[in-house]
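Observations on chain architecture
Okay, here's what each chain looks like letter by letter:
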Amino acid sequence: MRLSLAPRFRRRAAKLTSVQRALLRAALRRFAFNPRDPLLRTHKLAGDLAGYWAFSVDDDLRVLFRWDGDLATLVTIGSH
């Protein structure tokens, strides 16, 4: 699996607190190793966000991404 970071994801990640950044790094390592890790709570979204997936960084912070074959493009990060 390969990861790609969208500009919006980069901008929003840069604004996170140091604690949130540390949690994000840990979640990204876990995601790169196993995108379906139960601790990430990876799930497909519906409605307006159909076609996107999300995984949790902590109780409130989540990452939205899209699959394109073996490429996961991290689109944005924000509160749930």
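Attention in this report is confined to the structure presented alongside it. This one's a predicted model, so the numbers in the text were calculated from it and none came from an experiment. (Residues numbered from 1 in each chain as written. Predicted model: local features only at pLDDT ≥ 70, side-chain atom pairs only at ≥ 80, totals over all residues. Heavy atoms only, no water.)

Let's shift gears to the sheet that holds strand β1 (residues 2-5). Sheets are built from strands paired through backbone hydrogen bonds, the pairs being either parallel or antiparallel. The 5 strands lie next to each other as β1-β5-β4-β3-β2, forming an open sheet whose pairing is mixed. Edge positions in the open sheet fall to β1 and β2 (43-44), since each of these has one partner strand only. Pairing between β1 and strand β5 (residues 71-79): 4 bridges, direction parallel. Residue pairing in the sheet places L3 in a bridge with A72 of β5. Sheet strands in contact with helix α1 (residues 7-14) are β1, β4 (61-68) and β5, and its direction is about 40° off that of β5. (Pairing = 2+ DSSP bridges. Helix = DSSP H or I, 4+ residues; strand = E, 2+ residues; numbered from the N terminus. Contact = heavy atoms within 4.5 Å. Axes fitted to C-alpha atoms, helices over the stretch in contact; angles between N-to-C directions.)

To continue, consider the nonpolar core. Residues L24, F55, V63, L74 and I77 are the most contacted members of the largest nonpolar core, which totals 17 residues. Going through the elements one at a time, α1, α2 (18-33), β3 (53-56), β4 and β5 are the ones with two or more residues in this core. At 4 residues, the largest contribution of residues to this core is made by α2. The residues contacting L24, other than those within four sequence positions of it, are F9, A13, L16, V57, V63 and I77. (Core = buried A, V, L, I, M, F, W, Y, C linked by side-chain atoms within 4.5 Å. Buried < 20%, exposed > 50% of the residue type's maximum accessible area, 1.4 Å probe, protein only.)

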